[in-house]
Amino acid sequence: MSEAPVTITLAENGWYTVEGPVRIVGSDGELIREGEKFFLCRCGQSNSKPFCDGTHKKCGFSDDGLGKRSTKED
Ligand code: FES
């Protein structure tokens, strides 16, 4: 039996929840973190990228409804 696929869930007007197992690797190839669940910044304003630090609330990030989307696109 294979492992469950990595799942990325969009939070409405917020972060990506990435559930793994997941390895986050920097552009230099170095491992940043490894684990089962991470919250990644989607607004681009986090002071601890690639992780969400809650700044999306202060900057009023809006995903224009994308976080609620229920249709698939390929
Ligand atoms: S999504 Fe939370 S700080 Fe960017």
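Residues numbered from 1 in each chain as written. Predicted model: local features only at pLDDT ≥ 70, side-chain atom pairs only at ≥ 80, totals over all residues. Heavy atoms only, no water.

Student: Help me understand the overall build of the protein in this model?
Tutor: If you tally the helices and strands in the protein, you get 1 helix and 3 strands. Shown N-terminal to C-terminal, the secondary structure of the protein runs as helices and strands in the order β-β-β-α. Along the first, second and third principal axes, the C-alpha atoms of the protein reach 40 × 30 × 20 Å. Counting across all 74 residues of the protein, residues that qualify as buried make up 24%. Taking the intrachain contacts of the protein between residues at least 6 apart in sequence as the baseline, contacts between residues at least 24 apart amount to 29%. Carbon and sulfur atoms make up 48% of the accessible area of the protein, which totals about 5,700 Å². Of the side chains in the protein, 10 bear a positive and 12 a negative charge, and the two mean positions are spaced by 6 Å. (Helix = DSSP H or I, 4+ residues; strand = E, 2+ residues; numbered from the N terminus. Buried < 20%, exposed > 50% of the residue type's maximum accessible area, 1.4 Å probe, protein only. Contact = heavy atoms within 4.5 Å. Areas by Shrake-Rupley, 256 points an atom, 1.4 Å probe, with all protein chains shown as cover. Lys, Arg positive; Asp, Glu negative; His and termini not counted. Charge placed at Lys NZ, Arg CZ, Asp CG, Glu CD.)

Student: What exactly am I supposed to notice about the side chain of Asp 63 here?
Tutor: Mapped onto the elements, Asp 63 comes out in the segment after α1 (55-59). A polar side-chain atom of Asp 63 sits 2.8 Å from a polar atom in the side chain of Arg 42. A distance of 3.0 Å separates a polar side-chain atom of Asp 63 from the backbone nitrogen of Gly 65. Contacts of Asp 63, omitting those with residues within four sequence positions, involve Ala 11, Glu 12, Asn 13 and Arg 42. (Polar contact = N/O pair within 3.5 Å; in protein donor to acceptor, adjacent residues only side chain to side chain.)

Student: Got a minute to help me understand the environment of Gly 54 in this structure?
Tutor: Looking at the element boundaries, Gly 54 is found in the loop between β3 (31-40) and α1. Separated by 44 residues in the primary sequence, Gly 54 and Leu 10 place their C-alpha atoms 14 Å from one another.

Student: Please explain the nonpolar core as it appears in this structure.
Tutor: Note that soluble globular proteins tend to have their nonpolar side chains buried in a common cluster. Of all hydrophobic cores here, the largest spans 6 residues; its members are Val 18, Val 22, Ile 24, Phe 38, Leu 40 and Phe 51. Listed by contribution, the elements that provide at least two residues to this core are β2 (16-25) and β3. The greatest single-element share of this core, amounting to 3 residues, is contributed by β2. Among all residues touching Phe 51, those that are not within four sequence positions of it are Ile 24, Ile 32, Arg 33, Phe 38, Phe 39, Leu 40, Cys 41 and Ser 46. (Core = buried A, V, L, I, M, F, W, Y, C linked by side-chain atoms within 4.5 Å.)

Student: Which parts of the structure should I look at to understand the sheet that holds β2?
Tutor: In sheet architecture, strand pairing relies on hydrogen bonds along the backbone and comes in two forms, parallel and antiparallel. A sheet is described by the order of its strands in space; here 3 strands give the open sequence β1-β2-β3, paired in antiparallel fashion. The open sheet is flanked by β1 (7-10) and β3, the only strands paired with a single partner. Ignoring which end each strand starts from, the neighbouring axes of this sheet average 25 degrees apart. Across 8 bridges, β2 lies against β3 in antiparallel orientation. By the bridge assignment for β3, Val 25 is matched with Leu 31. (Pairing = 2+ DSSP bridges. Axes fitted to C-alpha atoms, helices over the stretch in contact; angles between N-to-C directions.)

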